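# Architecture and fold: a report
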Amino acid sequence: MADLSELLQQGMLRRHLNAQALAARTGIRTPRIRVFAVEGAHGPVHPTQEELAELAAALALPLPEVLAAARTPEAVPSA
């Protein structure tokens with residue numbers, strides 16, 4: 001399973017879109033898209049469910065795949 005940054009980068013490349021063009025299609029601000037594409041869902045800016053749905057639709061990606069890629073890994077219990 002790919003993480004969100006990989007999924008976005010591949011989708012943007014396949015659709016020949018940069019962050020600014022994707023922002024125009026979705027209404028999500030360009031800086032947020034850049035952070036998602038570089039840091040994924042685990043960076044300093046976390047995508048909302050609505051943003052993930054918009055990104056999936058704009059990139060023609062299955063929503064369940066995008067949601068799975070954006071999930072944070074479950075906390076590992078400390079010893």
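Residues numbered from 1 in each chain as written. Predicted model: local features only at pLDDT ≥ 70, side-chain atom pairs only at ≥ 80, totals over all residues. Heavy atoms only, no water.

## A closer look at the overall build of the chain
The helix and strand inventory of the chain stands at 5 helices and 0 strands. The order of helices and strands in the chain, counted from the N terminus, is α-α-α-α-α. Taken over 79 residues, the chain has a buried fraction of 39%. In the chain, the share of contacts with a sequence separation of at least 24, taken over all contacts with a separation of at least 6, comes to 58%. Of the roughly 5,100 Å² of accessible surface on the chain, 55% is carried by carbon and sulfur atoms. (Helix = DSSP H or I, 4+ residues; strand = E, 2+ residues; numbered from the N terminus. Buried < 20%, exposed > 50% of the residue type's maximum accessible area, 1.4 Å probe, protein only. Contact = heavy atoms within 4.5 Å. Areas by Shrake-Rupley, 256 points an atom, 1.4 Å probe, with all protein chains shown as cover.)

## Quick word on the environment of I33
Residue position: I33 is located in helix α3 (residues 30-39). Each residue touching I33, except ones within four places of it in the same chain, is listed here: A19, L22, A23, T26, I28 and L55.

## Quick word on the confidence of the model for the chain
With 89% of its residues at a pLDDT of at least 70, the chain reaches an overall mean of 89. Of all secondary-structure elements in the chain, the lowest mean pLDDT belongs to helix α5 (residues 63-70), at 94, while helix α2 (residues 19-26) reaches the highest, 97. (pLDDT = per-residue confidence, 0-100.)

## A look at helix α1 (residues 4-15)
The periodicity of an α-helix, 3.6 residues per turn, causes residues three or four places apart in sequence to face the same way. Its 12 residues give α1 an end-to-end C-alpha distance of 16 Å, which sits within 8% of 16 Å, the value for a rise of 1.5 Å per residue. At its buried positions, α1 is contacted by α2, α3, α4 (49-58) and α5. Two residues or fewer after α1 comes H16, characterised by a positive phi angle close to 60°. (Expected span 1.5 Å × (residues − 1).)

## Re the pattern of salt bridges
Evaluated as defined, the whole model comprises 1 salt bridge. Note that E51 and R32 form a salt bridge whose closest N and O atoms lie 2.7 Å from each other. One end of the pair, E51, is in helix α4; the other, R32, is in helix α3, and 19 residues separate them in sequence. A relative accessible area of 11% places E51 in the buried class. (Salt bridge = Lys/Arg side-chain N within 4 Å of Asp/Glu carboxyl O.)

## Topic: the packing of α4 against α5
At a closest axis distance of 9 Å, the pairing of α4 and α5 adopts a crossing angle of 130°. By the angle between their axes, α4 is oblique relative to α5. Seen from above, α4 lies across α5 with right-handed handedness. Contacts between α4 and α5 pair Q49, L52, A53 and A56 from the former with L63, V66, L67 and A70 from the latter. Among the residues forming the contact of α4 with α5, the class breakdown is 7 nonpolar, 1 polar and no charged. (Axes fitted to C-alpha atoms, helices over the stretch in contact; angles between N-to-C directions. Parallel < 35°, antiparallel > 145°, perpendicular 65-115°, else oblique. Left-handed = near helix turned anticlockwise from the far one by under 90°. Nonpolar A, V, L, I, M, F, W, Y, C, P; charged D, E, K, R; others polar.)

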